[in-house]
Amino acid sequence: MRTAAVRGVVLLVLAVTASGCGFQLRSWDIASSIESAYLTASPRNAFEAPLRQALRQAGIAEAATPGEATVVVTLLEDRRERRSVSVSSQARAAEYEVSVGVRFQVEDAQGRDLIPDQWLERQRVFRIDRDNIVGSSEEQALLEREMEADLVQQILRSLNAAAADPAGAA
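These numbers were taken from a predicted model, which means no experiment stands behind them.

Peer 1: Please give an account of the side chain of Asp108 that cites residues and values.
Peer 2: Mapped onto the elements of the fold, Asp108 is located in strand β4 (residues 93-108). A relative accessible area of 10% means that Asp108 is categorised as buried. Polar contacts involving the side chain of Asp108 include one to the main-chain amide nitrogen of Gln110, which spans 3.1 Å. Contacts of Asp108, omitting those with residues within four sequence positions, involve Thr70, Val71, Val72 and Leu114.

Peer 1: Describe in detail the environment of Asp117, supporting the description with residues and values.
Peer 2: Relative to the assigned elements, Asp117 resides in strand β5 (residues 113-127). Taking the relative accessible area as the measure of exposure, Asp117 reaches 43% and is therefore partly exposed. Measuring from C-alpha to C-alpha, the distance between Asp117 and Phe104 comes to 5.6 Å, with 13 residues separating the pair along the chain. Among the polar contacts listed, one links the side chain of Asp117 to the side chain of Arg103, at a separation of 2.5 Å.

Peer 1: Let's hear about helix α2 (residues 48-57): which residues, and what values?
Peer 2: Looking at α2, one finds that the buried residues are Leu51, Arg52, Ala54 and Leu55. When α2 is viewed along its axis, its buried side chains cluster within an angular range of 165° and face the same direction. Exposed positions of α2 whose direction lies more than 90 degrees from the buried face are Ala49, Arg56 and Gln57.

Peer 1: With reference to specific residues and values, describe the nonpolar core.
Peer 2: Formed by 33 residues in total, the largest nonpolar core has its most connected members in Leu51, Val71, Leu75, Val106, Ile155 and Leu159. Of all elements in the fold, only β1 (36-41), α2, β3 (71-87), β4, β5 and α3 (133-164) reach the threshold of two or more residues within this core. At 9 residues, α3 tops the list of elements feeding residues into this core. For Val71, the residues in contact, after removing those within four places along its chain, are Ile34, Ser36, Ala37, Tyr38, Val106, Glu107, Asp108, Leu114 and Leu159.

What counts and what doesn't
Residues numbered from 1 in each chain as written. Predicted model: local features only at pLDDT ≥ 70, side-chain atom pairs only at ≥ 80, totals over all residues. Heavy atoms only, no water. Helix = DSSP H or I, 4+ residues; strand = E, 2+ residues; numbered from the N terminus. Buried < 20%, exposed > 50% of the residue type's maximum accessible area, 1.4 Å probe, protein only. Polar contact = N/O pair within 3.5 Å; in protein donor to acceptor, adjacent residues only side chain to side chain. Contact = heavy atoms within 4.5 Å. Arc of directions from axis to C-beta. Core = buried A, V, L, I, M, F, W, Y, C linked by side-chain atoms within 4.5 Å.

Right under this line is the structure:
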């Protein structure tokens, strides 16, 4: 019973100390700076659906035309590549590097650049398990989805920064 009371007091002291020092979780509210977005993409761009969903989840309405949108996001190109980075003693690939990239630009409703043409890319290395090729393929697919999600979040952060400071973005 006594240790429970001590733990309670310690937690209370930590909570008061954390709030008193100005600590707060880092967050951003993109919907407060961008009301609506129009998204256009090159054919079969793998980032279109995830970015559209992320914008919707962030509370940004999808505009029907570019003229109705606060921002116009254009996904110009996406790329997925895999290359061997090491070989085994049998001269077979032991590790692969997977890279996922997207090129995009953002304009305001008047056609002014908020974010000029920009390329974002992520790379990850994974080992090939020759005894479990299906598992290795699944690991590659998982890594690609994680990198794709990371790039979508980076685009959202860029949008938030550009919309908050349109003069400094271009």
